[in-house]
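Topology and contacts: notes
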Amino acid sequence: MSDTEMNYEGIEQLPLKEFTEKAYLNYSMYVILDRALPFIGDGLKPVQRRIIYAMSELGLSAVSKHKKSARTVGDVIGKFHPHGDSACYEAMVLMAQPFSYRYPLVDGQGNFGSPDDPKSFAAMRYTESRLSRFAQILLGEIDQGTVDWVPNFDGTLSEPSMLPARLPHVLLNGTTGFAVGMATYIPPQNIREVTSA
Amino acid sequence: MASKYDAASIEVLTGLEPVRKRPGMYTQTERPNHLAQEVIDNSVDEAIAGHASRVDVILYKDGSLSVSDDGRGMPVDIHPEEGISGVELIMTRLHAGGKFSNKNYQFSGGLHGVGVSVVNALSKQLDVWIKRDGKEYNMSFSGGDKKVELEEVGTVGKRNTGTTIRFWPDPKYFDSPKFSVTRLKHVLRAKAVLCSGLTVTFQDEKSGEEIQWCYEDGLSSYLLDELKGFEILPPEPFIGSMKGNEEAVDWAVVWLPEGGEPVTEGYVNLIPTPQGGTHVNGLRSGLTEAVREFCEFRNLVPRGIKITPDDVWEKVSFVLSVKLSDPQFSGQTKERLGSRECAPFVSGVTKDAFSLWLSQHVDLGEKIAELAIANAQSRQRAGKKIERKKITQGPALPGKLADCTSQDSSRTELFLVEGDSAGGSAKQARDKEFQAIMPLRGKILNTWEVDPLQVLSSQEVHDISVAVGVDPGSSDLKGLRYGKVCVLADADSDGAHIATLLCALFLRHFKPLVEHGHVFIAMPPLYRVDVGKEVYYALDEAEKQGVLDRITAENKKGKVNVQRFKGLGEMNPLQLRETTLAPDTRRLVQLTIEAGDNTSQIIDMMLAKKRAADRKKWLEQKGDKAEVVA
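Along each chain, residues carry numbers from 1 onward, in the same order as the chain's sequence is written. Chains and ligands are labelled sequentially in the order written, the chains with letters from A and the ligands with numbers from 1. With pLDDT at 70 or above as the cut-off, local features in this predicted model cover only qualifying residues; side-chain atom pairs require 80 or more to be listed or tallied, and sums for whole chains, interfaces and linings still use all residues.

This part takes up the overall build of chain B. Looking only at helices and strands, chain B features 19 helices and 21 strands. When burial is assessed residue by residue, chain B has 44% of its 630 residues classed as buried. Helix numbering and strand numbering both begin at the N terminus, where a helix is a DSSP run of H or I of at least 4 residues and a strand a DSSP run of E of at least 2. Think of it as a crowd count around each C-beta: if 20 or more other C-beta atoms lie within 10 Å the residue is buried, if 12 or fewer it is exposed, and in between it is partly exposed, with C-beta placed from the backbone throughout.

What follows is about the pairing of strand β8 (residues 175–178) of chain A. All names here are of chain A. Pairs of strands are assigned from DSSP output, requiring at least two bridges between the strands. Bridging between β8 and strand β9 (residues 183–186) involves four bridges; their strand directions are antiparallel. Within β9, the position partnered with T175 by the bridge is I186. From the end of β8 to the start of β9, which pair antiparallel, there are four residues, and G181 there has a positive phi angle of about 75 degrees.

What follows deals with the packing of helix α3 (residues 69–79) of chain A against helix α4 (residues 85–96) of chain A. Two quantities define a packed helix pair, namely the angle between the axes and the distance from one axis to the other. All names here are of chain A. Where α3 contacts α4, the two axes come as close as 10 Å, and the packing angle between them is 120 degrees. Judged by the angle between their axes, α3 and α4 are oblique. Relative to α4, α3 is oriented so that their crossing is right-handed. Contacts between α3 and α4 pair S69, T72, V73, V76 and I77 from the former with D85, C88, Y89 and M92 from the latter. Axis geometry follows a simple rule: fit a line to the C-alpha atoms, using only the stretch in contact for helices, then measure angles between N-to-C directions, giving values from 0 to 180 degrees. Angle categories: roughly parallel below 35 degrees, roughly antiparallel above 145, roughly perpendicular from 65 to 115, and oblique for all the rest. Each crossing gets its handedness from the near helix: less than a right angle anticlockwise from the far helix is left-handed, clockwise is right-handed. Throughout, a pair of residues is in contact if the C-beta atoms placed from their backbones lie within 7 Å.

Next up on the list: helix α2 (residues 46–57) of chain A. At 3.6 residues per turn, the α-helix brings residues three or four places apart onto the same side. Residues and elements named next belong to chain A. A helix is expected to span 1.5 Å multiplied by its residue count minus one. Across its 12 residues, α2 extends 16 Å between first and last C-alpha, which sits within 8% of the 16 Å expected from 1.5 Å per residue. Of all 12 residues making up α2, 10 are buried, and the element is well covered by its neighbours. Looking only at α2, the buried set comprises P46, V47, Q48, R49, R50, I51, I52, Y53, A54 and M55. The inward-facing, buried residues of α2 contact α1 (16–34), α3, α4, β5 (128–131), α5 (136–139) and β7 (158–160). Looking at the residues trailing α2, positive phi occurs at G59, about 80 degrees.

Now for the nonpolar core. Residue and element names in this part refer to chain B. Residues enter a nonpolar core if they are buried, belong to Ala, Val, Leu, Ile, Met, Phe, Trp, Tyr or Cys, and are joined to the set through C-beta atoms within 7 Å. With 93 residues, the main nonpolar core has I40, V55, W251 and V291 as its most contacted residues. For this core, the element with the most residues is helix α10 (residues 342–360), which contributes eight residues. Look past the residues within four positions of V55 in its chain and what remains in contact with it is I40, S43, V44, A47, V67, D69, L198 and V200. Of all hydrophobic cores here, the second largest spans 65 residues; its members include C404, A436, V468 and L488.

This part takes up the sheet that holds strand β11 (residues 264–268) of chain B. All names here are of chain B. Pairing is mixed across the open sheet formed by five strands, whose spatial order is β9-β10-β13-β11-β12. Each end of this open sheet is capped by a strand with a single partner; those strands are β9 (233–243) and β12 (271–272). In this structure, β11 lies alongside strand β13 (residues 316–324), joined through five bridges in parallel fashion. Bridging from a neighbouring strand, V268 pairs with V322 of β13. Contacting β10 (247–255), β11 and β13, helix α8 (residues 278–298) runs over the sheet at an angle of about 125 degrees to β13. Against the sheet, α10 engages β9, β10 and β13, with an angle of about 50 degrees to β10.

This paragraph deals with the sheet that holds strand β8 (residues 209–213) of chain B. Residues and elements named next belong to chain B. The mixed open sheet is built from eight strands, whose spatial order is β5-β4-β3-β6-β2-β1-β7-β8. Of all strands in the sheet, those bounded by a partner on one side alone are β5 (145–155) and β8. Taken pair by pair, the neighbouring strands of this sheet meet at an average axis angle of 10 degrees, ignoring direction. In terms of strand pairing, strand β4 (residues 135–142) meets β5 through seven bridges, oriented antiparallel. Residue S140 lies in a different strand from β5, and its bridge partner there is V148.

Further remarks concern the interface of chain B and chain A. Taken together, the 39 residues of chain B in the interface contact 30 residues of chain A. Elements with a contribution of two residues or more to the side of chain B that touches chain A: α14 (493–509), β21 (588–592), α18 (599–607) and α19 (612–622) of chain B. Among the elements that take part in the side of chain B that touches chain A, α14 of chain B stands out by supplying seven residues, more than any other. As a working rule, the residues Ala, Val, Leu, Ile, Met, Phe, Trp, Tyr, Cys and Pro are called nonpolar, Asp, Glu, Lys and Arg charged, and the rest polar, with Gly in that last group. Across the side of chain B that touches chain A, the residue classes tally to 19 nonpolar, 12 polar and eight charged.

Structural data, given as structure tokens:
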């Protein structure tokens, strides 16, 4: 706000173009860095990483019992992801749909939508979920000092800045995302071929 | 570009160089009056601190000006870190001064340590004489550089102390190198008035004029002098003063029922603030509250009339002097006070004092109240002529709009709020008389490339259009229902996006609104800082740091807790009112466009469908300038 002028009544003036440019720049950089594009190390967007980490914190491993999705979503948005619950739940549903993900990261119990209408999943108070066995390749080494930890939005907890993937997960499941000025599309690959490559 | 642009062409300006390169940033370049003011301010600061009792100003025939005071004298000993004398440090370094901490000056006009060094930089020659500790010293500068080293030139009595500065402004920096005598006199007189007991003399060699001012009872006699010949109410100005630990305020107020040229002068630490600021706003709301209360007690207000601050304020004349230990001005020329905490202090103090005064002087009080009521009535009559669209006429207003009760479109404000959760608290926080709230759900359509006829098919845009009362694409503002259309979005990245989309909507489809300055952005605070029971709000990172610094500097007890607001819904309605909605304390930014600037091109680059490649380039260039909020 360099060129603000003041007048009586305490109103500052600012050219519209400056304000919009700055606001849009902030938004764009946020979307690029922190929302739409996956991190190459683990192939996850922030919301997905937070869901997986929160589920592992809840003890929802592949061998435990399913828990209500609402609990997971509540934990994710309350602890790490200060955004809307429906968007967060949709991200989780996507990770549980075998037709959306080559190797689902979440094992769902209940109506998680069908291939002809992927959005027909049940509300989060009905469905239950836990991590799939596949998710272990992202989480296996998390407690062995492999990743950097960063404070969450209010600085009271910490979350991993990336997950220690043993395989290049970004290639396995693929991903799509649209940000400002750039977008991403990576097709999924077969796990055996990637492993042997 | 023909010349090579490499690292060698980056200049870092040192010493007084920046002032000489860009004098307009540090002073007013029309006349050297502001330089004089800087020097006088320094002398008067000595007087406020109680060390000086007189200031003598002489305007010489050769266009130079000298200012002397009988204060402590500038320090002449060698500075322990810089290795040069105190005087030289003050004169030749920017940001050197004794007023950063409150140790030597409790209240002072100077705060950047910039003033006198600027004078030095912009003068052909500057001489300084200092009397201190029984000795007299002299030093002289030319064009900002030292000419004569500091030397002892004589001895004086131990009690005889003070500083004299004489300077010749360099004409090449100013439109006119002459001092304006009338303005100079005005300033000097104001200083004498505000600092009661201080003797100020002025001597003009050219005209042989000599004047001396000394006001024992300060403000009120000054105000009466200025308003001679007009009928005033009350006959004795309403005066008062209050001193707190960190702040002090003095005021004199009268009304001019028959009209006349009002005097409305606000001072902060004896520095005039011609553009007002929070202290003037505080006085205004304080007086209004008191008059309202008085009218309510005595049932003076006719039905259907509401007294607004403007009604009380209309024919008022006042001199207001505020002293703050840590004032925040906008810019070095200090034309406007920005310290937020000043408004509640001044309004609280004046409200109590004026209420008391009104109850003691019932006759005069009733006259003042009548004046305000008459103003309110005439305003309402004028306002009625432009009848606003009511719910019964024309298209129904959107159901989500919480309309205001006032019909006077010069005063009303519409807030477009992001999200229902923030809309709810804004609804509780608003002043329902003149503030209307309309929550927007989610992000609106990107309307940049939408045909004006199609744009109304979006429900949100349709609602905005109906609420504002202007059709998209039309240049007819007659139907405008609000004087101000404010965008109130969260202070996060999505809020920034919504604000961008709204700006694009207004620019493309409601251009006359922007051109006539009806579009505003409300700035909600980003941080809330709690210390014990005290609460501060900070608009951005820099301000937060300032608040934290101040807290540590003042050794406040209690745990410091910083909370970052993610969304407007996180604030209590009361907090929201205090920070973003109440006219006295909020920060509102008017958006302006100028014909021929490249606003459209920039927004086109940002929002057009086909220009993703340009956006990528733009991000690569400017991405690092973004303040990313995670």
